[in-house]
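Overview (structure and organization)
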Amino acid sequence: TAVFDSDAIRADFPILSREIHGKPLVYLDSAASAQKPHQVMDALMSAYTDTYSNVHRGLHFLSEASTDAYEAVRQKVAGFIGAPSPDEIVLTSGATMALNMIAHSWALPRLQAGDEILISIAEHHANIVPWQMVAERTGAVLRAFPMDEDGSFSMQAMTEMTSEKTRIISISHVSNVLGTVYPLAEIAKLAKSVDALFVVDGCQGVVHMPVDVTALGCDFYVFSAHKLYGPNGVGVLWGRSEILADMPPFMGGGDMIDRVTIEKSTYAAPPHRFEAGTPAIAEVIALGAAVDYVESIGMAAIRAHEQDVLSYAHQRLSAVEGLNIIGTAVGKSGVVSFTMDCAHPHDISTIIDRDGVAIRAGHHCAQPLMDYLDVSSTARASVGVYTTKSEFDALATSLEKVVRIFS
Ligand code: PMP
């Protein structure tokens, strides 16, 4: 296995060499959206410059080239997440659309009054609101199990809320606030024991560690390309073929039909059934380049590097006076959330921005978790493939300045 060459990796990301307010950029907001390596931007540019045309439509050279490049990404993504077939890869506009698609196409026609949808208290709004919409229309009940005090997952808390009424379990792979990694294989067994559909919001999982959906035993796994060093406007919905085959389309239009008459239409087989209209062609092709990029480094190597940086981050931040780390589960991944006794997260973020340090401050689209933790917001630093320990030195130094300003 190759050595992890942090300098070479950073050199792949042009934006990392720019300055902000005269200081080198310290980008610690990859959990919101990751920066892009030139390989991804080159692929995007080339898709427009060299092979651009609509897909699945024409019989001319460019249309076929574009279609081949687009369809090849399905195969690439399937391999990347251990999906048995490229036909199980639905290309969406993002994780949010993918979750809404499952809620609309799978849940809405099936759920009845009294059925239950189970999530955790730490879910992103994208994994809460679509289920509330389904619950409102079907009479189903949305329930959320709590996390432990330190942000750890509790199998007991989850099991206590699971019953024969549970029709859907929808959980993130990794919490975008706490960093907690959910034991998906174990949860899959629980879901199976009550015959519930098991949906995984993989936004913060697939970017940090190897994923094998077959081994995890889930029914759906979704994520957004933009957090995986890919472009905006593209996401992936992986679903088991027998489940996709049994799902009506979410949207109607071109590209998703078999035969249309004014009276009635028949639909194409998955995945095309779920991809109405002209897709984000160049962006999908660039997602393929993003997958190639992380695979060239290796997800296991990325995981090891990021865990090393994250553990240093915890150590460094713990030493800052009056700083409280939120979420300290064993094996946590990707993010470190915190509050400070002396300052509001928005003030922290604004002040350290003057030093070129970019973090996220706010509720992180997880308001129920904020309520549960009894905080209005947190500050959050997150890591990516290009993050270094010295960036956490810069963050800590800047936070010490915040302490001085407010005391
Ligand atoms: N789930 C989680 C855990 C996330 O972190 C995010 C992005 N913040 C989403 C869902 C939504 O992703 P998107 O906005 O790209 O659809």
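The model shown is predicted, which means the values in this text are computed figures rather than measured ones. (Residues numbered from 1 in each chain as written. Predicted model: local features only at pLDDT ≥ 70, side-chain atom pairs only at ≥ 80, totals over all residues. Heavy atoms only, no water.)

The next point concerns the pattern of salt bridges. Where charged atoms of side chains with opposite charge meet at close range, the side chains can pair. This model, assessed by the stated rule, comprises 13 salt bridges. A salt bridge links Arg167 to Asp115; the shortest N-O distance between them is 3.3 Å. You can see Arg167 sitting in strand S7 (residues 166–172) and its partner Asp115 sitting in the loop between helix H4 (95–110) and strand S5 (116–120), a full 52 residues away along the chain. According to the relative accessible area criterion, Asp115 is buried, its value standing at 13%. The residue Arg316 makes a salt bridge to Asp393 at a minimum N-O spacing of 2.7 Å. Of this pair, Arg316 sits in helix H11 (residues 299–318) while Asp393 sits in helix H14 (residues 389–406), and the two are 77 residues apart along the sequence. Judged by relative accessible area, which is 24%, Asp393 ranks as partly exposed. (Salt bridge = Lys/Arg side-chain N within 4 Å of Asp/Glu carboxyl O. Helix = DSSP H or I, 4+ residues; strand = E, 2+ residues; numbered from the N terminus. Buried < 20%, exposed > 50% of the residue type's maximum accessible area, 1.4 Å probe, protein only.)

A few words on the sheet that holds strand S9 (residues 220–224). Taken together, the seven strands give an open sheet; going across it, the order is S4-S10-S9-S8-S7-S5-S6, and neighbouring strands pair in mixed fashion. The sheet is open, and its two borders are formed by strand S4 (89–92) and strand S6 (141–145), each paired with just one other strand. On average, each strand axis in the sheet is tilted by 20° relative to the strand beside it, whichever way the strands run. Of the pairings in the sheet, the one linking S7 to strand S8 (residues 197–201) comprises five bridges and is parallel in character. Along S8, the bridge assignment pairs Ser170 with Val199. Contacts between H4 and the sheet are confined to S4, S7, S8, S9 and strand S10 (235–239), with S9 contributing the most and set at about 150° to the helix. (Pairing = 2+ DSSP bridges. Axes fitted to C-alpha atoms, helices over the stretch in contact; angles between N-to-C directions. Contact = heavy atoms within 4.5 Å.)

The next point concerns the UniProt feature "domain: Aminotransferase class V" (unreviewed entry) in the protein chain. The UniProt record marks residues 26–395 with the feature "domain: Aminotransferase class V" (unreviewed entry), using the residue numbering of this structure. Across residues 26–395, the secondary structure splits into 39% helix and 18% strand, with the terminal C-alpha atoms separated by 8 Å. (UniProt positions renumbered as here; feature names shortened; annotations may be inferred.)

A word on the packing of H11 against H14. Any two packed helices are characterised by the angle at which their axes cross and by the distance between the axes. As a packed pair, H11 and H14 sit with axes 9 Å apart at the nearest point and diverge in direction by 20°. In terms of orientation, H11 and H14 fall into the roughly parallel class. Considering the relative orientation of H11 and H14, their crossing is right-handed. Contact residues: Asp308, Val309, Tyr312, Ala313, Arg316 and Leu317 in H11; Lys389, Phe392, Asp393, Leu395, Ala396, Thr397, Leu399 and Glu400 in H14. (Parallel < 35°, antiparallel > 145°, perpendicular 65-115°, else oblique. Left-handed = near helix turned anticlockwise from the far one by under 90°.)

Glancing now at the site of the ligand. The ligand sits among Ala95, Thr96, His124, Ala126, Asn176, Asp201, Cys203, Gln204, Ser224, His226 and Lys227. Residue Asp201 places a side-chain N or O atom 2.5 Å away from a nitrogen atom belonging to the ligand. His226 places a polar side-chain atom, nitrogen or oxygen, 2.7 Å from an oxygen atom of the ligand. The fraction of the free accessible surface of the ligand (400 Å²) that becomes covered by protein chains is 85%. Across the shell around the ligand, the residue classes tally to three nonpolar, six polar and two charged. (Near = heavy atom within 4 Å. Polar contact = N/O pair within 3.5 Å; in protein donor to acceptor, adjacent residues only side chain to side chain. Areas by Shrake-Rupley, 256 points an atom, 1.4 Å probe, with all protein chains shown as cover. Nonpolar A, V, L, I, M, F, W, Y, C, P; charged D, E, K, R; others polar.)

Below, the discussion takes up the side chain of Asp201. Counting through the fold element by element, Asp201 comes out in strand S8. Lys227 is the oppositely charged side chain nearest to the buried, salt-bridge-free Asp201, at an N-O distance of 8.1 Å. Not counting chain neighbours up to four residues away, the residues in contact with Asp201 comprise Leu99, His124, Asn127, Ile171, Ser172, His173 and Val222. (Lys, Arg positive; Asp, Glu negative; His and termini not counted.)

On to the environment of Tyr221, then. For Tyr221, the location among the structural elements is in strand S9. What makes Tyr221 buried here is its relative accessible area of 0%. Counting along the chain gives 18 residues from Tyr221 to Cys203, while the straight-line C-alpha distance between them is 9.1 Å. Not counting chain neighbours up to four residues away, the residues in contact with Tyr221 comprise His173, Val200, Gly202, Gly205, Val206, Val211, Val213, Leu216, Val236, Leu237 and Trp238. Polar side-chain contacts of Tyr221 include one of 2.8 Å to the side chain of His173.

So, on to unusual backbone geometry. Omega for the bond connecting Pro270 with Pro271 falls within 30 degrees of zero, at 5°, which places this linkage in the cis form. As for its placement among the helices and strands, Pro271 is situated in the loop between strand S12 (265–267) and helix H10 (281–297). For His21, which is not a glycine, the phi torsion comes out positive at approximately 50°. You can see His21 is positioned in the loop between strand S1 (19–20) and strand S2 (23–24).

Let's shift gears to helix H5 (residues 129–138). Those residues of H5 lying buried are Pro130, Trp131, Val134, Ala135 and Thr138. Seen from one end, H5 has its buried residues packed into an arc of 140°, which puts them on one side. In H5, the exposed residues that point more than 90 degrees away from the buried face are Glu136 and Arg137. In the core, the buried residues of H5 are packed alongside H4, S5, S6, S7 and S8. Backbone geometry just downstream of H5 places Gly139 in the positive-phi region, at approximately 85°. (Arc of directions from axis to C-beta.)

This part covers the environment of Asp347. Inspection of the secondary structure assignment puts Asp347 in helix H12 (residues 345–353). Once the C-alpha coordinates of Asp347 and Val402 are considered, the two residues, 55 residues apart in sequence, prove to be 8.6 Å apart.

The next subject is the sheet that holds strand S13 (residues 323–326). Across the sheet, four strands lie side by side as S13-S14-S17-S16; this open sheet has antiparallel pairing. Of all the strands in the sheet, the pair left with one neighbour each is S13 and strand S16 (360–362). When strand polarity is set aside, the average angle formed by the axes of neighbouring strands in this sheet is 30°. Pairing geometry for strand S14 (residues 335–340) and strand S17 (residues 378–382), over four bridges, is antiparallel. Residue pairing in the sheet places Ser337 in a bridge with Arg380 of S17.

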